[in-house]
Each structure stands twice: as structure tokens, then as C-alpha cells.
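For reference, the chains in residue letters:
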Amino acid sequence: MSSDATTAIPTLPFAEAAGAAPETGTPLLGLGASLPQADARAKAEGTFPYAADLWAEGLLWAAILRSPHAHARIVSVDTSAAEAMPGVRAVVTAADVPGAATYGRRVADRPVFADGLVRHHGEAIAAVAADHPDTARLATAAILVEYELLEPVTDPEKAFAAEPLHPDGNLIRHIPLSFGDPDATGEVVVEGLYRVGRQDPAPIGAEAGLAVPRPDGGVELYTASTDPHTDRDLAAACFGLAPDQVKVVVTGVPGATGDRDDPGFQIALGLLALRTGCPVKLTATREESFLGHAHRHPTLLRYRHHADAEGRLVKVEAQILLDAGAYADSSSESLAAAVAFACGPYVVPHAFVEGWAVRTNNPPSGHVRGEGAMQVCAAYEAQMDKLAGRVGIEPAELRMRNVLSTGDLLPTGQTVTCPAPVAELLAAVRDFPLPALPKDTPEEDWLLPGGPEGAGEPGAVRRGVGYALGMVHMLGAEGTDEVSTATVRVLDGVATVICSAVDTGSGFSTLARQIVQETLGIDEVHVAPVDTDQPPAGAATHGRHTWVSGGAVERAAKMVRTQLLQPLAHKFGMSTELLQISDGKITSYDGVLSTTVAEEMDGKELWATAQCRPHPTEPLDESGQGDAFVGLAFCAIRAVVDVDIELGSVRVVEMAVAQDVGRILNPAQLATRIEAGVTQGVGAALTENLRTARGLVRHPDLTGYALPTSLDAPDIRIVKLVEERDVVAPFGAKAASAVPVVTSPAAVAAAVRAATGRPVNRLPIRPQAAVAATP
């Protein structure tokens, strides 16, 4: 990415984050300031303590035996040889789980250890604790497991007729959405079949944890959990303990783009700690991470779009099939998003969408940024390009004729009440100047697809421009009770925020500091470490901590503000609303009162606890109708790519982004989130695909799974951020990182279509799909 990738927003003080002097009028603290993250320096310098760095006196090491098969019956498990090895302290299998044998963050259908049946490659069979990590690994290899191999079901289309892979059956959920007149037709009809591959969250930091037994018979789990209270409850149920006997301490979170940790290994760690009475640590290998945690749902999509002669949409028909892998996880929620957003941010009078999520013997699928919405975006935007070609108008113009706006209806029957400036976003990227064409000289060879050592010729390179519009929902959906609790305490002029919201890179801890600075005029604000002794704040997904946890912090800070100002207001005979706090000073509306926060706080301890709970939603009914979402966020992206039409190699030259953000709370952090989301989307478009053969993961490592690096990241031009505040959201802000992930793969695919004339109906785009069609 070029060094000036974000300079397209002249009103935002990005230079401030790099240490340059801020622009006049730019706040240094509070909301609107580019306040850096508190742990940024430690992470950059390599001194930040991650979960893999944990240590305890008397530490034992754990290893997990995983199935080499995708589908098999377990005839017998013999652990005697492992147990007899010197240094081995414990071996646990399914027979040793004292409580619930299965777990799941949404559906408890996944066994702690496979019991009688293996349903996916890498499923846990047993776990070992030993006094050395090598001993633990050798002991797992000494466990003898006799398997009876079964035919794996790896094609989700065949899962409907296959023998049940699970007692709950193969069908996890079916949503038949019906909206409008089924007999409606358009003058122009286009159809398409699309496939989206299996993207892995690929956390760079190792997945690790430490379990420490307690004298009361309970256990403490130290891990980089993204949803500590849910993980505690799952673990306690499996341990046969009360929730208050299990404590989860969040430590060393390196960042997450989905379910970055597998709760199953935390449960295995706790069982070993309880069995041995010693602290037990596990640091997962990269292969274990690929096999254990959830991935983006591979998806098959069939579409038929109807439009009139001018390209205005009449009806959309779609079938969406999500491959959930062996267990349900978040597949029901992912399917709801896919079906609800199957038509995209467009006005569609009639829509008929059927969606299914099914179990297979493939690796497990679950929450990854923009789940469900990303897959359908790739399909409906391909359909819009086809429709533009059939009608004979520019792709951007076709989209402009159909864009959604505030007050329109979603196909679920829900009215869009939040700001929906989709037309404004599209116009911004459409009108932004295109990048210059590369020069055909040896000095500029690095501009060719494939890099400086690429085999392509400049004469074979074609440039393409593509557009995409995406949307995501914020917070949980379909009746999820979203609530968060926060405490703000001020003592000796220093504020502390206590909230169990985990900052996975979303910037919540920085936002919490800014909220308190803004509300109380206190510069020094600390955010306490997270554990389950604090009230729950929920999962770190869908921008919920910006909204719900940020809202709780704001309410608590305002309550402390009232406690601070009430004595002054009473003394001067006025209400607290007539007093304001700014730059650490307290002043009255008439200027009679002027003092400092530090003076008024001297020797005082003030604190308050508050909750934030958004307005309720409802599940989709049997026709896919219902007010299922709290809020929506939108994005428009224009992609410019260079394609070697002989080799099929693709270079993303530029991504122009316009996004509706509600309100900019931290300019530099917002830009970083958008850039990261776009880059993740480029990976999904071009390189990231966890490949399987008969259910077996091929090359579960970072050589076989190609993540985009800094050299692959394009110039990302944030050309417009629309600040139209959502009145029901605290601060009016919207989630920022998921919607560019959703939109950018579709934009890249559209640009490759424009360059090659090929349909490009599969993500990631394979080289053979990017070779230009013959005349």
C-alpha cells in the first residue's frame, strides 16, 4: 500500500496518528481524536505478553490427539502405552468428561472428545498432560485408536439424502423467504451459479491457553477468549461445575477476524488441570488451528434476476446452500444474514429466496467477519454486472437505478429506519479519479501481475474496473438479547473503566478511554483487564462493543459526571445541565462558575455502573419475514485490477472505498479498520481457500494457505465517509470493519470480469478463470 493511501479524506487528521502536528480544531483527547491504542507500542516492539507467553509454577504441557480421518467409527481407544510413558501425568478421553459431553456457543452439538464417531478431520480424540511438550506430543502418538472408515459426505447438496451424520440430522436450518408476488416477471432475465470457498480467520498469534486448578475444586482458564462468559459457561457445564467455580481471564488477545480460538481446547485444558491438580498449558500448532477452529461457510448460490427494459429490478429468486461442516456453530445466524441480504442494498419489489445450512464431514464453519453477507454479495453483484450487460448500460448506472435508501423495505419486510446513503456512496467511488495506467518500461516491471519476477508480458495485461455495494447488520439478530454492563470509577484524578468487552482489534479499549475523557474531562483513563468476575458484555462480533459496551461506558460516565457536578450546581442554584466540562474545566452557561475537574475531584472517589440494551428484534417467521436486525451499515467499493490474460494472474491496483460510518469516533483507527477489512476481502477474492479432498484438509499451514501480505495489499483510497448519525445508536456510530470485507471480494471479481470478459463465478478467483475469453 502506498504511504498516502488514506490522504483522500482531507478533513481527517491521519497525520496526527503518525506524530505530526494535528490540524487546527482537531481534538487531542475524547471522541473525534486519533488516540492511539494503549498496547500499540508493546505489540509493535514485541514486548506484549500474548497467551502463548503464559507461565505458572509447576506447569504441565498439553497435547491433543486429533483424528486423521474425516468420517470414521471409533472401534477402540487404548491409552495404556501413553499413560505408562515417563513424564505423562494424565490422559483424558470422552469417558473422562464429568459433565456435559457436548458443547457449542449456539447449539451444544459438538463433543469435547469424539465418542464413538469421528465427524471431521482433526476432531479431538484425547488429550495428554506431561512435564514436557515433546513428551505430551509423543504420548498422543502412542495412543492406539482403531477406526472403521466410513464414506464421508463432503458435497452439501448430497447431505439432504445422506444418512444422518449427527443425532440432530443433517439439516441445521431452512429459511424460505417469500416477499411480493411469485408470478411477477421482468422483460430481462439473467441467471447464475456461484461458489464461495472456505476462508480461514488465520490468526497470526498462536492459539494458546493456561488452566490453573483452584483450592475450592474449581479452575481458572487464562486464554485469548473473545466471549469469556459464554466460554466459562460452556466449560463449567462440561466440567460438571457451577459457573462460579470457573473463571476465565482474558489475556494476550492479538486480534481476531472471527472465532480466533476453539473453545474445545480450553475445555480439554481445564479437564487436565482438574485431573492432575497442576497448571496445564497448551500452545496450538498452526496445523491444529486450521483443523480446530471455525472457518467461513463454503457456499453454493443459484440466482435469477428479473428486470424491466431500463434495468430496474422486478424480482430476485435465489437458492443459498451453506456448508456448515460437522457441527452447527453459528450456521443458523449466518444463514439468516445470507437470506435477508440476498438481494443486496437494492430495492426489490418481489423476492423469493430459499436458504439451507447443512452438516457435512467437512471442517467446521462458523463466525468470520460478514458471515453470510459476504457470500451473497459476491453472487448478487455478479448478477448486477450480467444485468447491466444485457440491458446495455454501465454497471455503476444500473446499480444507481436500484439503490436502497432510508424508508425502503428489505425482503424480510423490515423497514430501513437507519441512515442508508447508498446512492451517495456509489456516486463517490464512481466519480473518484481513476489511477494512472502503468508505463510499459523495464523500470516499471514491478507493476505487472506476479511482481518483479513474474513471467508475464506487458502486452498481455488488461485493466478492469468493477463496482460492488455491500451491507451488513450490526449486533445480534433475530431476538438476541444484546446487553452490556460497564463501571466507571474515578479516584485521585484517574479514571478506570471496568467492562468485560474484549478488544480484539476493534479499538474498544481506546474508545472507552475517549468516552470518559469526553464526558469527564479527565486525561488519564485506564481500562481494567477482562475476566468473568465482571458482569457479561457479550461476544466481540458485529460491532457490538462499539454500540452496546460503548453505550454502557457512556451511561456510567454520565452518571459519574452528575455526581461530580451536583454539589456545584446546588451551591450556585442551577441544574447540572447548565454546567459543561471541556478541556478539564467546569464552567457554567453564564460564565459565573469556572473551576477545574482536578480541583473538584481532589480527595473524592466517584463511581457508577450502567447497562446498555438496544431495542429488541424478532426471529424471522416461516416466510422469512420479521424485524430481525437492530441496524445496518453500507459500503461501496470500486476496484481497479490489472490481469495478465495469458497467465490469469491478477494484481489489485486500487480499491476506492466509500462507507457509511454514522460518526467518526477515532479517525486514524477507523481508517485502519477499513484498510484491514479491504485487505482481508482481497485475500478472499484471490488467494484464501482452505482446500479439502474427501474432507481432509490439504496443506493446513501458511505455505498452503496463501494470506495476502503487505506486498499484495493494493492502494486503498477512502474517498468518502458519510457521517449521518444513527439516532438509536450511542454516539450515532456504525460498525466499520465487516462491511468492507463483505464488499471488496465482489468488487475485485467485477473488475476481473471487466478486464477479461469471463464470468468469474467462483471465489477465490482461480488463474484459469482470469484468462481472457477468446474472440
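The preceding data block contains the structure.
Reading the values: rules and limits
- Residues numbered from 1 in each chain as written.
- Predicted model: local features only at pLDDT ≥ 70, side-chain atom pairs only at ≥ 80, totals over all residues.
- Heavy atoms only, no water.
- Helix = DSSP H or I, 4+ residues; strand = E, 2+ residues; numbered from the N terminus.
- Rg over C-alpha atoms; globule rule 2.2 N^0.38 Å.
- Contact = heavy atoms within 4.5 Å.
- Areas by Shrake-Rupley, 256 points an atom, 1.4 Å probe, with all protein chains shown as cover.
- Axes fitted to C-alpha atoms, helices over the stretch in contact; angles between N-to-C directions.
- Parallel < 35°, antiparallel > 145°, perpendicular 65-115°, else oblique.
- Left-handed = near helix turned anticlockwise from the far one by under 90°.
- Nonpolar A, V, L, I, M, F, W, Y, C, P; charged D, E, K, R; others polar.
- Patch = residues over 30% accessible without salt bridge, like charges linked within 9 Å, V, L, I, M, F, W, Y side chains within 5 Å.
- Salt bridge = Lys/Arg side-chain N within 4 Å of Asp/Glu carboxyl O.
- Lys, Arg positive; Asp, Glu negative; His and termini not counted.
- Charge placed at Lys NZ, Arg CZ, Asp CG, Glu CD.
- Disulfide = S-S within 2.5 Å.
- 1 Å grid on protein atoms, 1.4 Å probe; cavity = no way out; pocket = protein on both sides within 12 Å on 5 of 7 lines; lining within 4 Å.
- Points joined across faces, edges and corners; volume = space filled by probe spheres on them.
- Pairing = 2+ DSSP bridges.
- Core = buried A, V, L, I, M, F, W, Y, C linked by side-chain atoms within 4.5 Å.
- Buried < 20%, exposed > 50% of the residue type's maximum accessible area, 1.4 Å probe, protein only.

## So, the overall build of the chain
In terms of regular secondary structure, the chain is built from 16 helices and 31 strands. Scaling as 2.2 N^0.38, a compact globule of 775 residues should have a C-alpha radius of gyration of about 28 Å, and the chain matches this with 27 Å. C-alpha extents for the chain along the principal axes are approximately 80 × 80 × 60 Å. Intrachain contacts of the chain at a sequence separation of at least 6 include 80% that bridge at least 24 residues. With the model as given, the accessible surface of the chain reaches about 29600 Å², and the carbon-plus-sulfur share is 52%.

## Here we look at the packing of helix α9 (residues 373-391) against helix α16 (residues 738-756)
Closest axis-to-axis distance for the α9/α16 pair is 8 Å, and the angle between their directions is 30°. If you check the angle between α9 and α16, you find them roughly parallel. α9 and α16 meet at a crossing whose hand is right-handed. Contacts from A373, M374, C377, A378, E381, A382 and D385 in α9 reach V741, V742, T743, P745, A746, A750 and R753 in α16. Of the residues in the contact of α9 with α16, the class split is 10 nonpolar, 1 polar and 3 charged.

## Structural notes on a negative patch on the surface
Together, E618, D621, E622 and D627 give the surface a local cluster of negative charge. You can see D627 is positioned in the loop between β25 (605-612) and β26 (629-644).

## What about the state of the cysteines?
The full count for this structure, using the stated rule, is 0 disulfides. In this structure C418 is not part of a disulfide, and its nearest cysteine sulfur, from C635, lies 14 Å away.

## Considerations on empty space enclosed by the protein
Counted under the stated rule, the structure contains 6 cavities of 30 Å³ or more. Within this model, the largest cavity holds a volume of roughly 600 Å³. What lines the largest cavity is a set of 39 residues, and nearest its centre among them are S506, G543, R673, A736 and S737. Breaking the lining of the largest cavity down by element, the ones donating at least two residues are β18 (461-477), α12 (508-520), α13 (544-572) and α15 (667-686). Partitioned by chemical class, the residues of the lining of the largest cavity number 16 nonpolar, 17 polar and 6 charged.

## Thoughts on the packing of α12 against α13
Axis separation between α12 and α13 bottoms out at 9 Å; the angle between their running directions is 30°. With respect to α13, the element α12 is oriented roughly parallel. Every pair of crossing elements has a handedness; the one defined by α12 and α13 is right-handed. Two secondary-structure elements touch here, α12 through F508, L511, A512, I515, V516, T519 and L520 and α13 through H545, T546, S549, G550, V553, E554, A557, K558, V560 and R561. Here the residues of the contact of α12 with α13 sort into 9 nonpolar, 5 polar and 3 charged.

## A word on the pairing of strand β2 (residues 72-78)
As paired strands, β2 and strand β6 (residues 117-118) are joined by 2 bridges and run antiparallel to one another. In the sheet register, A72 faces β6, and the bridge partner there is V118. Examined bridge by bridge, β2 and strand β8 (residues 144-149) share 6 bridges and lie antiparallel to one another. Pairing of S76 across the sheet is with E146, part of β8.

## Looking at the nonpolar core
Membership of the largest hydrophobic core comes to 107 residues, with the highest contact counts inside it found for Y303, I320, F341, L632, F634, V748 and I765. With 12 residues, α9 is the largest single contributor of residues to this core. By size, the runner-up hydrophobic cluster in this structure holds 47 residues, among which are A486, A495, L520 and W547.

## Observations concerning unusual backbone geometry
Following L763, the chain continues into P764 via a peptide bond in cis, with omega recorded as 0°. Topologically, P764 is positioned in the segment after β31 (762-763).

Fair warning: the whole summary comes from geometry, so function is off the table for now.
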